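Letter by letter, the chains look like this.
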Amino acid sequence: MTARTIDGKALAARIHAGIARRVKSLQDRGVTPGLAVVLVGDDPASAIYVRNKVRACEAVGIRSFLVQLADNTSRATLLGRVAELNADPGVHGILVQLPLPRHLDAREIVDAIAFDKDVDGLHATNAGLTLLGRPRSRSCTPYGVMMMLESIPYPVQGCDAVLIGRSNMVGKPMAMLLLAANATVTMCHSATRDLAAVTRQADVLVAAAGRRNLVTADMIKPGAVVIDVGTNRTPEGKLCGDVDFAEVREIAGWISPVPGGVGPMTVAMLLVNTVEAAERSIGTSPQGPWLAESDPSAAVAAPR
Ligand code: GUN
């Protein structure tokens, strides 16, 4: 049986529509949500990601502030710019695009962002709150994956979830969000002895290792949900994930494609975090990614 596709692009579009309505409601109360995106250096992949984020903001009415800094920007200059953005009342969210040039310490820079403006969920306080099971800004990619899982009729509660990758941005917060959803979570990484033996136990497999074709059909439990977080390139330069999509889809029950899977959801959740930061700034309780009218289980999975 061929797996059903989890269409991240369609799901993200629905979230964007809800966000646009919330932006309008904030504007009616005199607040336009603002997101500052800081890009240091000229990494071409980062430039593309940043452009996508800025465009997504524009499409839903969020004001974006692009701060572009040279590759040799000093620590003091960057910390100074972050401090200015922290103090700017028109900026509700701040994102420093990673990776940073090697002379800059990403941990120090991210922790210099006011934690209530950290819409990436990477600040030590937000990471800690996620660990404690009371998240505020959730890390965007794992948050997007959770939305994808919620969008399909597959119970995460009680399932065996296996993650490949233990990064601070994806693997670790992903484990915490799955745990909070009552999955039994196993994390695999570069020192895992028998990766396939572990992944074959997975009801839900999240691949975030950054290695093309790492996940093959023999590693999949029949009917499993496979979420591909990888962003790699084929030798021809085409975007691809960590999963061998063509063969794994013959075994899995559900699968997310690359492109069109997790990528658009990461951007959508950034918009959610930004609007929620703006809502909190005027004392409104954030509603989460869904508006009351929307049903996440409806019509988001593309037909086979
Ligand atoms: N680089 C790649 N993905 C991301 C992301 O989600 N946030 C930041 N800040 N940098 C990234």
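Residues numbered from 1 in each chain as written. Predicted model: local features only at pLDDT ≥ 70, side-chain atom pairs only at ≥ 80, totals over all residues. Heavy atoms only, no water.

### Overview of the domain arrangement of the protein
Then comes step 1: For the protein, the assigned domains are domain 1 (30-114) and domain 2 (140-262).
Then comes step 2: Here the C-alpha centre of domain 2 lies 28 Å away from the C-alpha centre of domain 1. (Domains from an automatic or database assignment.)

### Here's the deal with the pairing of strand E3 (residues 63-69)
Then comes step 1: When strand E2 (residues 34-40) meets E3, the two strands line up parallel, connected through seven bridges. Bridging across to E3, Gly 34 finds its partner in Arg 63.
Then comes step 2: With helix H2 (residues 44-60) bridging E2 and its parallel neighbour E3, the resulting β-α-β unit is right-handed. (Pairing = 2+ DSSP bridges. Helix = DSSP H or I, 4+ residues; strand = E, 2+ residues; numbered from the N terminus. Right-handed = clockwise from strand over helix to strand, strands pointing away.)

### Considerations on the site of the ligand
Then comes step 1: Taken together, Lys 53, Leu 95, Val 96, Gln 97, Leu 98, Asp 120 and Met 169 make up the full set of residues adjacent to the ligand.
Then comes step 2: With respect to the ligand, the side chain of Gln 97 contributes an N or O atom lying 3.1 Å from a nitrogen atom.
Then comes step 3: Leu 98 places a main-chain nitrogen or oxygen 2.8 Å from a nitrogen atom of the ligand.
Then comes step 4: Bound to the protein, the ligand loses 83% of the 280 Å² it would expose on its own.
Then comes step 5: Looking at the shell around the ligand, its residues break down into four nonpolar, one polar and two charged. (Near = heavy atom within 4 Å. Polar contact = N/O pair within 3.5 Å; in protein donor to acceptor, adjacent residues only side chain to side chain. Areas by Shrake-Rupley, 256 points an atom, 1.4 Å probe, with all protein chains shown as cover. Nonpolar A, V, L, I, M, F, W, Y, C, P; charged D, E, K, R; others polar.)

### Notes on the packing of aromatic side chains
Then comes step 1: Inspection of every chain in the model, using the stated rule, returns zero aromatic pairs.
Then comes step 2: The aromatic ring of Tyr 143 is capped on one face by Arg 138, whose charged end is 4.8 Å from the ring centroid. (Phe/Tyr/Trp six-rings, centres within 6.5 Å; stacked < 30°, edge-to-face > 60°. Lys NZ or Arg CZ within 6 Å of the ring centre and 35° of its normal.)

### A short note on the sheet that holds strand E4 (residues 93-96)
Then comes step 1: Taken together, three strands build an open sheet; the order of strands is E3-E2-E4 and the sheet is parallel. Both edges of this open sheet fall to E3 and E4, since each of them pairs with a single strand only. Here the average twist between neighbouring strands, direction ignored, is 15 degrees.
Then comes step 2: Of the strands in this sheet, E2, E3 and E4 are in contact with H2, which crosses E2 at around 170 degrees. (Axes fitted to C-alpha atoms, helices over the stretch in contact; angles between N-to-C directions. Contact = heavy atoms within 4.5 Å.)

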